[in-house]
Amino acid sequence: MSVEQVIVTMDQLNQAYSEMVKVGEEKQRVIINNDIQALTQIMTRETRLMKQVAEYDEEREHAIQDFLREKGIRSRLQLTITELTRLVFDPEEKQSLIDAQKRLADTLLAMKHMNQLNKELIDQSMAFIDYSLNLVVSRPEDDMLYKNPTQHKPTGNKRGFFDARA
């Protein structure tokens, strides 16, 4: 077995992550439109995609271990793709592995950027919700109206800074 199975599983991972980037773009539009129902559906799709990614990643690890056994290396180390390329001597296979690594890295970078934008949108939404709740909870008519301090009568059983009864 050559390194071909590792490349195939890396391409499957790339495909799954590309799909997650598309879902992230949909999520961005849904967050902007404040469509909670669609957001729930998108999150369900994301969960399925994450399970698929985990399966592909496990397949990739098995393919790497099979490749190492074929080369006579009995190590159970978690080698990176860069380290693995040093063990591939066929120039075409080595270049294919490097290209697969680059495609996957580019897709992961796009996904990272998309996730950062979505996080910022969610943070802004949460800040707006917090601000809105504070406006509703506080009594704006008390805060927004001018009251003459000399005519202001304390309400209730409010005491001053010092309790004169003590």
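Higher on the page you've got the structure.
All values derive from a computational prediction rather than experimental measurement. (Residues numbered from 1 in each chain as written. Predicted model: local features only at pLDDT ≥ 70, side-chain atom pairs only at ≥ 80, totals over all residues. Heavy atoms only, no water.)

(A) How the structure looks around the overall build of the protein. From N to C terminus, the protein includes 5 helices and 0 strands. When the helices and strands of the protein are listed from N to C terminus, the series reads α-α-α-α-α. Expressed as a percentage of contacts within the protein between residues at least 6 apart in sequence, the contacts between residues at least 24 apart total 65%. Of the roughly 12,600 Å² of accessible surface on the protein, a fraction of 55% belongs to carbon and sulfur atoms. (Helix = DSSP H or I, 4+ residues; strand = E, 2+ residues; numbered from the N terminus. Contact = heavy atoms within 4.5 Å. Areas by Shrake-Rupley, 256 points an atom, 1.4 Å probe, with all protein chains shown as cover.)

(B) Inspection of the packing of helix α1 (residues 4-33) against helix α2 (residues 36-70) at higher detail. Direction vectors running N to C along α1 and α2 enclose 165 degrees, while the axes themselves pass 9 Å from each other. In terms of their interaxial angle, α1 and α2 are classed as roughly antiparallel. Crossing angle aside, the handedness with which α1 passes α2 is left-handed. Here the residues of the contact of α1 with α2 sort into 19 nonpolar, 3 polar and 8 charged. (Axes fitted to C-alpha atoms, helices over the stretch in contact; angles between N-to-C directions. Parallel < 35°, antiparallel > 145°, perpendicular 65-115°, else oblique. Left-handed = near helix turned anticlockwise from the far one by under 90°. Nonpolar A, V, L, I, M, F, W, Y, C, P; charged D, E, K, R; others polar.)

(C) Examining a nonpolar patch on the surface more closely. Taken together, the side chains of Ile122, Met126, Phe128, Ile129, Tyr131, Leu133, Leu135, Val136 and Val137 present a nonpolar region at the surface, about 960 Å² in accessible area. Ile129 gets classed as partly exposed once you look at its relative accessible area, which sits at 45%. (Patch = residues over 30% accessible without salt bridge, like charges linked within 9 Å, V, L, I, M, F, W, Y side chains within 5 Å. Salt bridge = Lys/Arg side-chain N within 4 Å of Asp/Glu carboxyl O. Buried < 20%, exposed > 50% of the residue type's maximum accessible area, 1.4 Å probe, protein only.)

(D) Region of the structure containing the nonpolar core. Counting 30 residues, the largest nonpolar core has Val3, Val6, Met10, Tyr17, Ile81, Leu84 and Leu97 as its most contacted members. Looking at this core, the elements with two or more residues in it are α1, α2, α3 (81-85) and α4 (91-137). Among the elements that make up this core, the one with the highest residue count is α1 (11 residues). Setting aside anything within four residues of it in sequence, one finds Tyr17 in contact with Val53, Leu104, Thr107, Leu108 and Met111. (Core = buried A, V, L, I, M, F, W, Y, C linked by side-chain atoms within 4.5 Å.)

(E) Broad picture of unusual backbone geometry. The phi torsion at Asn34 lies on the positive side, around 60 degrees, for a residue other than glycine. Structurally, the position occupied by Asn34 is in the loop between α1 and α2.

(F) Highlighting the pattern of salt bridges. Tallied over the entire structure, the rule returns 8 salt bridges. Note that Arg69 and Asp66 form a salt bridge whose closest N and O atoms lie 3.1 Å from each other. Note that Arg69 and Asp66 are positioned in helix α2 at a spacing of 3 residues, about one turn of the helix. The network of salt bridges with common partners includes Glu19, Glu26 and Arg45.

(G) Spatial organisation of the environment of Gln65. Residue placement: Gln65 occurs in helix α2. Along the chain, Gln65 and Arg76 lie 11 residues apart, while their C-alpha atoms are 7.3 Å from each other. Apart from residues lying up to four places away in sequence, Gln65 is in contact with Ser75, Arg76 and Leu77.

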